[in-house]
Amino acid sequence: MATHVPTPQEAQAIVEKYNQDPFHRTHALTVANVMRWYAAKYDAGNEDHWYVVGMLHDVDFELYPTEHCVAGERLLKDEGVDKGVIRSAMSHGWGMTDVTYEPESQMENILFAADELTGLIWASTLMRPSRSTLDMNLKSLKKKFKDKKFAAGCSRDTIREGAERLGWELDDLLGQTLEAMQAFERAQGGLPGVERPTEE
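What counts, and at which threshold
- Residues numbered from 1 in each chain as written.
- Predicted model: local features only at pLDDT ≥ 70, side-chain atom pairs only at ≥ 80, totals over all residues.
- Heavy atoms only, no water.
- Axes fitted to C-alpha atoms, helices over the stretch in contact; angles between N-to-C directions.
- Helix = DSSP H or I, 4+ residues; strand = E, 2+ residues; numbered from the N terminus.
- Parallel < 35°, antiparallel > 145°, perpendicular 65-115°, else oblique.
- Left-handed = near helix turned anticlockwise from the far one by under 90°.
- Contact = heavy atoms within 4.5 Å.
- Salt bridge = Lys/Arg side-chain N within 4 Å of Asp/Glu carboxyl O.
- Buried < 20%, exposed > 50% of the residue type's maximum accessible area, 1.4 Å probe, protein only.

> Is there a simple way to explain the packing of helix α3 (residues 47-56) against helix α5 (residues 83-90) in this structure?
Two quantities define a packed helix pair, namely the angle between the axes and the distance from one axis to the other. Two numbers describe how α3 lies on α5: the axes approach to 8 Å, and their chain directions differ by 60°. Overall, the two elements α3 and α5 adopt an arrangement that is oblique. Like other packed secondary-structure pairs, α3 and α5 cross with a definite hand, here right-handed. Touching H49, V52, V53 and L56 of α3 are V85, S88, A89 and M90, all from α5.

Here you go:
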């Protein structure tokens, strides 16, 4: 079977084929848009490629959570997805799953770090009266990051390791990813699946 790099629309269709839960679809869309933002800053011209890698990263999580990233490689091969895209998308599970791909490129290391971090930012957003990232600042996010009981499923160690892999200060990673989430929210007119409080 000939392989190819999916378009953003094709990548989303693949995700929706294997994921029915709105949460998983929304997470894929969030990470994809965060990756597009980072690409615009660090790899201009390749925004669609970064988006596709972000979109596909958790393609297997709903159906095969115990085989995460390993099953994902199988599914994406069956879909005829380019090997390089598969490697980059699945490398985010390095050290947490049985995947054999270690993040190497800047794109892969950003995905490794930002995947967990988007989850933390999302959870923080749901706790805010505004239910929005737009009035969240770095100080507030750092407070949530330091609270190990908050969104305990979001690995702080992975986020720290991601910053180290990139050669960034932790604050740089937190601040940039928050900015990416804010850009996504502005473009969407709100975060998908998050109901904003109504004004009385």
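Once the structure has been displayed, the description carries forward.
> I'm lost on the pattern of salt bridges in this one. Help?
Opposite charge on two side chains makes pairing possible when the charged atoms of those side chains draw close. All chains considered together, the criterion is met by ten salt bridges. E108 is the salt-bridge partner of R87, the closest N and O atoms lying 2.8 Å from each other. Of the two residues, R87 sits in helix α5 while E108 sits in helix α6 (residues 106-126), which places them 21 residues apart along the sequence. By relative accessible area, which is 5% here, E108 ends up buried. The partner of R165 in a salt bridge is E102, and the shortest N-O contact between them spans 2.9 Å. Of this pair, R165 sits in helix α8 (residues 156-166) while E102 sits in the loop between α5 and α6, and the two are 63 residues apart along the sequence. A relative accessible area of 25% places R165 in the partly exposed class. Each of E102, E161 and R165 takes part in one network of salt bridges that share partners.

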